Amino acid sequence: MPASDVMRHGEQVLTVCNACRYCEQYCPVFPAMERRLVFSPGDLAYLANLCHNCGECLYACQYAPPHPFGINVPRTLAEIRAQSYEDACWPPSAGAMFRRHTVPATLALVLGLTVVMLAIAWWFGAGAWPSTSGGDFYAVLPHHVLVTVFGVVSALAAMALAGGAVRFWRRIDRPRAGVWRWPAVMRALKDALTLRHLHGGGIDCVTAEETRSPWRRRWHHCTAYGFLLCFASTTVAAIYHLGFGWRAPYAYTSLPVVLGTVGGIGLIVGPVGLFAFRRTRDKALGDPAQQGLDTSFIALLFLTSVTGLLLLVLRDRAAMGVLLAVHLGSVAALFLTIPYGKFVHGIYRTVALVKDALEASAGHR
Ligand code: SF4
Ligand code: SF4
């Protein structure tokens, strides 16, 4: 659907909801909607990212299909959300990338970057590809090369994510939410970290009419906290290396390895659970056009964590060099696509929750 049609349809649906207001107790979307009489594209982007797609309001709606009004708030907001990712993207010219995600394209990118890693390893450390390296990754890829390559990739990703978040905030903060109130901001961050609104109306996410399940929330938690633990593992390892001069490989009981192992398991369990859950959930709740966006991100997280754990288990074997290249190829693909893929939904949803908490605490109308 063209962007203007998505927005026009969203405006019509929310205008009906604003007159009806039957669902106002379910989530913050409805009270935030009621603070408005008209809906600008920024308002629609804000409300769409406030929605956690719990599904509650579809089955409660007396105007849902097959009613002639055909009101389907979860799907309508999912469509607007996808459009908001493109509109806020930085640099703006990269917005179209959100529509190009497929699993085969993701696997091709990982393969291409693996070849690049093998080439870098051959160039800088070809002589050090022993049949067994004692788990020393830096014998395959020197530490300064790894730091340079991933420093550049991470800096680009962080810059693009920060640029997107700022553009998104500017887009949705009309009217201004008012003065910055820290208690409200902290409440919003807590809601984001606990995925509070995946509880829907208070019980749990809806998977189909009269069917609720806590598993969508649980798989999201495994994925999000798995990612954060892996990030913490890399950070601790960097502190060990740069601050104390303690070189990898680290013992299986060391902090970086324990954090990475627990995080890696979370990053396998979560994405697999989300993938399986998507297949059983009522298709009416989602936007079929986002299938590639969702599954390619799930596949990338899965590949990154599986190769990371395999690398840990087989680090003393001859396969370590190739495994390291595949793992680093997966990590590079993840970081390069993060600002233009499904990852942004966590950031924009948090920004929308902060805006909502500020608006609500100011008694905004
Ligand atoms: S989703 Fe349906 S029932 Fe709920 S507020 Fe909108 S129109 Fe009313
Ligand atoms: S799907 Fe859930 S979170 Fe989204 S608007 Fe409906 S009730 Fe709110």
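Residues numbered from 1 in each chain as written. Chains lettered and ligands numbered in written order. Predicted model: local features only at pLDDT ≥ 70, side-chain atom pairs only at ≥ 80, totals over all residues. Heavy atoms only, no water.

### What to know about the site of ligand 1
Close to ligand 1 lie Cys 17, Cys 20, Arg 21, Tyr 22, Cys 23, Phe 30, Cys 57, Cys 61, Gln 62, Tyr 63 and Val 73. For the shell around ligand 1, the class distribution of residues is nine nonpolar, one polar and one charged. (Near = heavy atom within 4 Å. Nonpolar A, V, L, I, M, F, W, Y, C, P; charged D, E, K, R; others polar.)

### Observations regarding the site of ligand 2
In the region of ligand 2, the neighbouring residues are Tyr 26, Cys 27, Val 29, Phe 30, Cys 51, His 52, Asn 53, Cys 54, Gly 55, Cys 57, Val 73 and Pro 74. Each residue belonging to the shell around ligand 2 can be placed in one class, and the counts come to nine nonpolar, three polar and no charged.

### Some thoughts on the nonpolar core
In this structure, Val 29, Phe 30, Leu 47, Val 73, Leu 141 and Leu 324 are the most contacted members of the largest nonpolar core, which totals 88 residues. Among the elements that take part in this core, helix H13 (residues 320-337) stands out by supplying nine residues, more than any other. Once residues lying within four places of it in the same chain are set aside, the contact partners of Leu 47 are Leu 14, Val 29, Ala 32, Met 33, Phe 39 and Leu 77. (Core = buried A, V, L, I, M, F, W, Y, C linked by side-chain atoms within 4.5 Å. Buried < 20%, exposed > 50% of the residue type's maximum accessible area, 1.4 Å probe, protein only. Helix = DSSP H or I, 4+ residues; strand = E, 2+ residues; numbered from the N terminus. Contact = heavy atoms within 4.5 Å.)

### Overview of the pairing of strand E1 (residues 205-208)
Of the strand pairs in this sheet, E1 and strand E2 (residues 211-213) are connected by three bridges, and their pairing is antiparallel. Paired with Ala 208 across the bridge in E2 is Thr 211. Between E1 and E2, which pair antiparallel in sequence order, lie two residues; one of them, Glu 210, sits at a positive phi of approximately 60°. (Pairing = 2+ DSSP bridges.)

### Digging into the pattern of salt bridges
The tally for this structure, following the rule as stated, stands at 14 salt bridges. A salt bridge links Asp 356 to Arg 35, with the shortest nitrogen-to-oxygen separation between them at 2.7 Å. Placement of the pair is Asp 356 in helix H14 (residues 344-361) and Arg 35 in the loop between helix H2 (29-34) and helix H3 (41-50), with a sequence separation of 321 residues. Arg 35 carries the same exposure label as Asp 356, and that label is buried. Shared partners join several salt bridges into a network, and the residues in it are Arg 35, Arg 36, Asp 43, Asp 173, Lys 355, Asp 356 and Glu 359. (Salt bridge = Lys/Arg side-chain N within 4 Å of Asp/Glu carboxyl O.)

### A closer look at the packing of aromatic side chains
By the definition in use, this model includes 13 aromatic pairs. With a centroid separation of 5.2 Å and an interplanar angle of 35°, the aromatic rings of Tyr 63 and Phe 69 are classed as tilted. Seen from their ring centres, Phe 297 and Phe 343 are 6.4 Å apart, and the 70° between their planes marks the pair as edge-to-face. Of this pair, Phe 297 sits in helix H12 (residues 291-313) while Phe 343 sits in the loop between H13 and H14, and the two are 46 residues apart along the sequence. On the basis of relative accessible area, Phe 297 is assigned to the buried category, the value being 16%. Geometry around Trp 215 places Arg 218 over its ring, the cationic atom sitting 4.7 Å from the centre. The ring centre of Tyr 252 lies 4.5 Å from the NZ or CZ of Arg 315, which sits over that ring. (Phe/Tyr/Trp six-rings, centres within 6.5 Å; stacked < 30°, edge-to-face > 60°. Lys NZ or Arg CZ within 6 Å of the ring centre and 35° of its normal.)

### Focus on the layout of surface pockets
One way to see where empty space is left: roll a probe the size of a water molecule over the atoms. Size it by volume and the second largest pocket reaches roughly 370 Å³. Along the wall of the second largest pocket there are 16 residues; nearest its centre are Ala 82, Glu 86, Arg 99, Asp 287 and Ala 289. Those elements that place two or more of their residues in the lining of the second largest pocket are helix H1 (3-20), helix H5 (73-88) and H12. With four residues, the top contributor of residues to the lining of the second largest pocket is H5. (1 Å grid on protein atoms, 1.4 Å probe; cavity = no way out; pocket = protein on both sides within 12 Å on 5 of 7 lines; lining within 4 Å. Points joined across faces, edges and corners; volume = space filled by probe spheres on them.)

### Brief notes about the environment of Phe 277
One can find Phe 277 in helix H11 (residues 255-280). In this structure the C-alpha to C-alpha distance between Phe 277 and Val 322, which are 45 residues apart in sequence, comes to 33 Å. When residues no more than four places from it in sequence are discounted, the contact partners of Phe 277 are Thr 207, Ser 213, Trp 215, Arg 216 and Trp 219.

### Quick look at helix H8 (residues 143-172)
Between the first and last C-alpha of H8 there are 42 Å, a value that for 30 residues agrees with the 44 Å anticipated at 1.5 Å per step. Of all the residues in H8, the buried ones are Val 145, Leu 146, Phe 150, Val 153, Ala 157, Ala 160, Leu 161, Gly 163, Gly 164, Ala 165, Phe 168 and Ile 172. (Expected span 1.5 Å × (residues − 1).)

### Some remarks on the environment of Arg 8
Among the structural elements, Arg 8 can be located in helix H1. Looking at Arg 8, the relative accessible area reads 45%, which means it is partly exposed. Sequence separation of Arg 8 and Leu 44 is 36 residues, and the distance between their C-alpha atoms is 9.9 Å. Polar side-chain contacts of Arg 8 include one of 3.2 Å to the side chain of Asp 5. (Polar contact = N/O pair within 3.5 Å; in protein donor to acceptor, adjacent residues only side chain to side chain.)

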